Amino acid sequence: MHAAALTSPRLQRVLAVLRDGKAHTTRDIVRRGRVMAVNACISELRHHGAEIACVKQATAQGWRFYYTMTKAPRG
C-alpha cells in the first residue's frame, strides 16, 4: 500500500475529527472530515503510527463502525 503523506489535507481532516479521543462513526468521519474512503484513511494513518481502534456494533438499522484514536501518528 502506498500511504499519502501525513501532511495530506485529506488525512489532516480525518485527524482533526479523531483527535478528541472519542469514538466516531464512519458517517461522522465522512461528514466532518469530508472524505469518502474512511477505512483507507484509517489504514494510512495507522501506516504513519496512529493507533486507531475499530468497534463493530449492531443497531436496529444495521452495523455501525466506531473509530477511536488512542495514539496520534508520529511526525
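Predicted model, so just to flag it, every value in this text is computed and none were measured.

Procedures and definitions
Residues numbered from 1 in each chain as written. Predicted model: local features only at pLDDT ≥ 70, side-chain atom pairs only at ≥ 80, totals over all residues. Heavy atoms only, no water. Helix = DSSP H or I, 4+ residues; strand = E, 2+ residues; numbered from the N terminus. Buried < 20%, exposed > 50% of the residue type's maximum accessible area, 1.4 Å probe, protein only. Contact = heavy atoms within 4.5 Å. Salt bridge = Lys/Arg side-chain N within 4 Å of Asp/Glu carboxyl O. Phe/Tyr/Trp six-rings, centres within 6.5 Å; stacked < 30°, edge-to-face > 60°. Lys NZ or Arg CZ within 6 Å of the ring centre and 35° of its normal. Axes fitted to C-alpha atoms, helices over the stretch in contact; angles between N-to-C directions. Parallel < 35°, antiparallel > 145°, perpendicular 65-115°, else oblique. Nonpolar A, V, L, I, M, F, W, Y, C, P; charged D, E, K, R; others polar.

Draft legend 1. Summary view of the environment of Arg 34. Relative to the assigned elements, Arg 34 resides in the loop between helix H2 (26–33) and helix H3 (38–47). The class of Arg 34 is exposed, set by a relative accessible area of 59%. A sequence separation of 24 residues divides Arg 34 from Arg 10, and the C-alpha atoms of the two residues are 7.9 Å apart. Look past the residues within four positions of Arg 34 in its chain and what remains in contact with it is Arg 13 and Ile 29.

Draft legend 2. Up close: the pattern of salt bridges. In the structure shown here, the tally under the stated rule is two salt bridges. The salt bridge involving Arg 10 is made with Glu 44; its shortest N-O contact spans 2.9 Å. On the criterion of sequence distance, the pair formed by Arg 10 in helix H1 (residues 9–18) and Glu 44 in helix H3 is long-range, its members being 34 residues apart. We classify Arg 10 as partly exposed; its relative accessible area is 27%. Relative accessible area serves as the criterion here: at 6%, Glu 44 is assigned to the buried category. In this structure, the salt-bridge partner of Arg 32 is Asp 28, at a minimum N-O distance of 3.4 Å. Here the residue Arg 32 and the residue Asp 28 both occupy positions in helix H2, the gap between them amounting to four residues, near one helical turn. Arg 32 sits in the partly exposed class, given a relative accessible area of 45%. On the basis of relative accessibility, which here comes to 23%, the residue Asp 28 falls in the partly exposed class.

Draft legend 3. A look at the packing of aromatic side chains. This structure, assessed with the given rule, holds zero aromatic pairs. Sitting over the ring of Trp 63, Lys 56 keeps its end group 4.3 Å from the ring centre.

Draft legend 4. Representation of the packing of H1 against H3 within the structure. Here H1 crosses H3 at 90°, and the two axes come no closer than 10 Å. Here H1 is positioned roughly perpendicular relative to H3, judged by the angle of their axes. For the pair H1 and H3, contact is made by Arg 10, Leu 11, Val 14, Leu 15 and Leu 18 and by Cys 41, Ile 42, Glu 44 and Leu 45, respectively. For the contact of H1 with H3, the class distribution of residues is seven nonpolar, no polar and two charged.

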